[in-house]
Amino acid sequence: MGAIAKTPQPPYYAVIFTSEMSDGENRGYGKMGDKMVELASIQPGFLGVESVRGTDGVGITVSYWESLEAIKAWKENSLHRVAQDKGKSEWYARFGLRVSKVERDNFMNM
């Protein structure tokens, strides 16, 4: 990851997932994260994703979607639910989720 997602002209939606890793070993986390990006990328309505994690264990992942219906379908995906459950039971000390409608965006190449 690390690249800026190429999104269409607004409006579209952003799901902002902020998390703090638990103190455990977090086995399988990276592999599951890669699988979730792969799976999300073939979901109807998926537009892109951006993700970063600091050395302090705090991370932010923003996924972009065409509609609220597409977001709901992703939330209910069975494999995504498995990842959600592991996050709650093993990987995260705490997390938050925000859903926003993007009305305007502006990018510049330097």
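Residues numbered from 1 in each chain as written. Predicted model: local features only at pLDDT ≥ 70, side-chain atom pairs only at ≥ 80, totals over all residues. Heavy atoms only, no water.

Undergrad: So what's going on with the pattern of salt bridges? Which residues, and what values?
TA: Scanning the model with the defined rule gives four salt bridges in all. When the shortest N-O distance is used, the salt bridge between Lys35 and Glu38 registers 3.7 Å. Here Lys35 pairs with Glu38, and both are found in helix H1 (residues 29-40), just three residues apart, close to one helical turn. Assessed through its relative accessible area of 38%, Lys35 is described here as partly exposed. On the basis of relative accessibility, which here comes to 49%, the residue Glu38 falls in the partly exposed class. For the salt bridge of Glu90 with Lys86, the shortest nitrogen-to-oxygen distance reads 3.2 Å. Of this pair, Glu90 and Lys86 both sit in helix H3 (residues 78-91), four residues apart, roughly one helical turn. Looking at Glu90, the relative accessible area reads 40%, which means it is partly exposed. Of the residues examined, Lys86 reaches a relative accessible area of 28% and is grouped as partly exposed. (Salt bridge = Lys/Arg side-chain N within 4 Å of Asp/Glu carboxyl O. Helix = DSSP H or I, 4+ residues; strand = E, 2+ residues; numbered from the N terminus. Buried < 20%, exposed > 50% of the residue type's maximum accessible area, 1.4 Å probe, protein only.)

Undergrad: Before we move on, can you summarise helix H2 (residues 68-75) with the specific residues and values?
TA: Owing to its 3.6 residues per turn, the α-helix brings residues three or four apart onto one side. The complete set of buried residues in H2 reads Ala70, Ile71 and Trp74. Along H2, the residues classed as buried sweep out an arc of 100 degrees about the axis, all on the same side. Within H2, the exposed residues directed more than 90 degrees away from the buried face are Glu69 and Lys72. Those residues of H2 that are buried lie in contact with strand S1 (12-21), H1, strand S3 (58-65), H3 and strand S4 (92-102). (Arc of directions from axis to C-beta. Contact = heavy atoms within 4.5 Å.)

By themselves, these figures tell us nothing about what the structure is for.
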